[in-house]
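Observations on the model geometry
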Amino acid sequence: MLTIAQITDLHITTDTDPVNLWRNAERLQHVLKSIHALKPRPVAIFASGDLVDRGEPEEYEALIEILRHVEIPIYFGIGNHDRREPFLAALSGHGVQTDPNGFVQYAVDFGDLRVIVCDTLDEESEGGAFCEDRAAWLAKTLDEAPDQPTVIALHHPPIASGIRWMDPDPKAGWIARLANAVRGHDQVRSILCGHVHRAFNGVLAGRAVAAAPATSIQLTLDLTPVDMRNPDGREMLVEEPPGFAVVMAYEGQVNTHVCVAGDYAPAVAYTSPFVRG
Ligand SMILES: [Fe+2]
């Protein structure tokens, strides 16, 4: 049994923002405590972007300070709230690698399981991007280990959540390029992402897509149409508990658990033999 924890959308900041972003450090600590208590302890943590809120160097310093006491190796991907230059300046010494074109893309092997980190950042927009160069790197990297069970990890879901102000155009070129790079590579078991601040699942190119909940604040599950130019007073964010995901490689399968962080009392203990009937 091999497990990897996924955390996402940490949004660490040095600002005392009115949307109570300042509490994100505390929320992340709850998540990290829950991850350390997992049985077995994950071999790694992958943080899938939006590590900080405004992409500022001081925010990355604050993040590194929080992570100083983590006892599990951490790997980082980049999200739309990150900025490449300060991201790389802060994290290149912490396992982050770039592909030959400077994108935050790299592969890490954990026993039989390979994690391929991809970069969907477009610094000009909040939405996802995956250019020909990034797609070519992914296809080439997949070609290198065709028999190794693999998960692809990126920030922006290439599928719709139904929370319309967050969703990509399903016909967007970047999604087609990602899907084309994945097709024909049977070792790809799933695509892990974040960005939506809420757990949801779907399918792209025949592969499971799993978005993890945020360690920071969650998005309200409101699937009704919205006009982003006309505020209608709807709830957009909600005080649901922070969460994370656990990717499990077991018996030839690669599956995902979604977890709520926090201290919860045990309900039942194993004190007598199971009776199957
Ligand atoms: Fe985010």
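Look up: the structure comes first, before these words.
With that out of the way, let us pick up the nonpolar core. By size, the foremost hydrophobic cluster in this structure holds 63 residues, and its most contacted members are Val-115, Val-117, Ile-152, Ala-153, Leu-192 and Phe-244. By residue number, the principal contributor to this core is helix α5 (residues 173-182), which donates five residues. The contact partners of Val-117, leaving out residues within four places of it in the chain, are Tyr-75, Gly-77, Val-104, Gln-105, Tyr-106 and Ala-153.

Here the focus is helix α2 (residues 57-67). Taken together, the buried positions of α2 are Glu-59, Tyr-60 and Leu-63. Down the axis of α2, the buried set is contained in an arc of 100°. They therefore lie on one face.

This next bit is on the sheet that holds strand β1 (residues 2-7). Spatially, five strands are ordered β3-β2-β1-β12-β13 in an open sheet, and the strand pairing comes out mixed. The open sheet has two edge strands, β3 (74-77) and β13 (253-260), and neither has a second partner. The average angle at which neighbouring strand axes cross in this sheet is 25°, direction not considered. By the bridge criterion, four bridges tie strand β2 (residues 44-48) to β3 in an arrangement that is parallel. Across the sheet, Ile-45 pairs through a bridge with Ile-74, a residue of β3.

Spatially, six strands are ordered β4-β5-β6-β7-β9-β8 in an open sheet, and the strand pairing comes out mixed. Strands at the two margins of the open sheet, each flanked by one partner only, are β4 (106-110) and β8 (200-204). Along the sheet, successive strands turn relative to each other by an average axial angle of 25°, direction set aside.

Within β2, four of the five residues are buried, which leaves the element mostly enclosed by the surrounding structure. Where β1 lies against β2, four bridges are found, and the strand directions are parallel. If you follow Gln-6 over to β2, its bridge partner there is Phe-46. Note on the crossover from β2 through α2 to β3: the handedness is right-handed.

So, about unusual backbone geometry. A cis amide bond, omega -5°, links Lys-39 with the succeeding residue Pro-40. Among the structural elements, Pro-40 can be located in the loop between α1 (24-36) and β2. Even without being a glycine, Ala-205 presents a positive backbone phi close to 50°. Locating Ala-205 in the fold gives a position in the loop between β8 and β9 (207-211).

Compared with an ideal rise of 1.5 Å per residue, which puts 13 residues at 18 Å, α1 spans 18 Å between its outermost C-alpha atoms and is within 8% of the ideal. Taken as a whole, α1 has its buried residues at Asn-24, Arg-27, Leu-28, Val-31, Leu-32, Ser-34 and Ile-35. Along the axis of α1, the buried positions cluster into a sector of 160°, meaning they face one direction only. Those residues of α1 that are exposed and angled more than 90 degrees off the buried face are Glu-26 and Lys-33. In this structure, the buried residues of α1 make contact with β1, β2, α2, β12 (243-250) and β13.

Here is what the cut-offs are and how they apply
Residues numbered from 1 in each chain as written. Predicted model: local features only at pLDDT ≥ 70, side-chain atom pairs only at ≥ 80, totals over all residues. Core = buried A, V, L, I, M, F, W, Y, C linked by C-beta atoms within 7 Å. Buried ≥ 20, exposed ≤ 12 C-beta atoms within 10 Å, placed from the backbone. Helix = DSSP H or I, 4+ residues; strand = E, 2+ residues; numbered from the N terminus. Contact = placed C-beta atoms within 7 Å. Arc of directions from axis to C-beta. Pairing = 2+ DSSP bridges. Axes fitted to C-alpha atoms, helices over the stretch in contact; angles between N-to-C directions. Right-handed = clockwise from strand over helix to strand, strands pointing away. Expected span 1.5 Å × (residues − 1).

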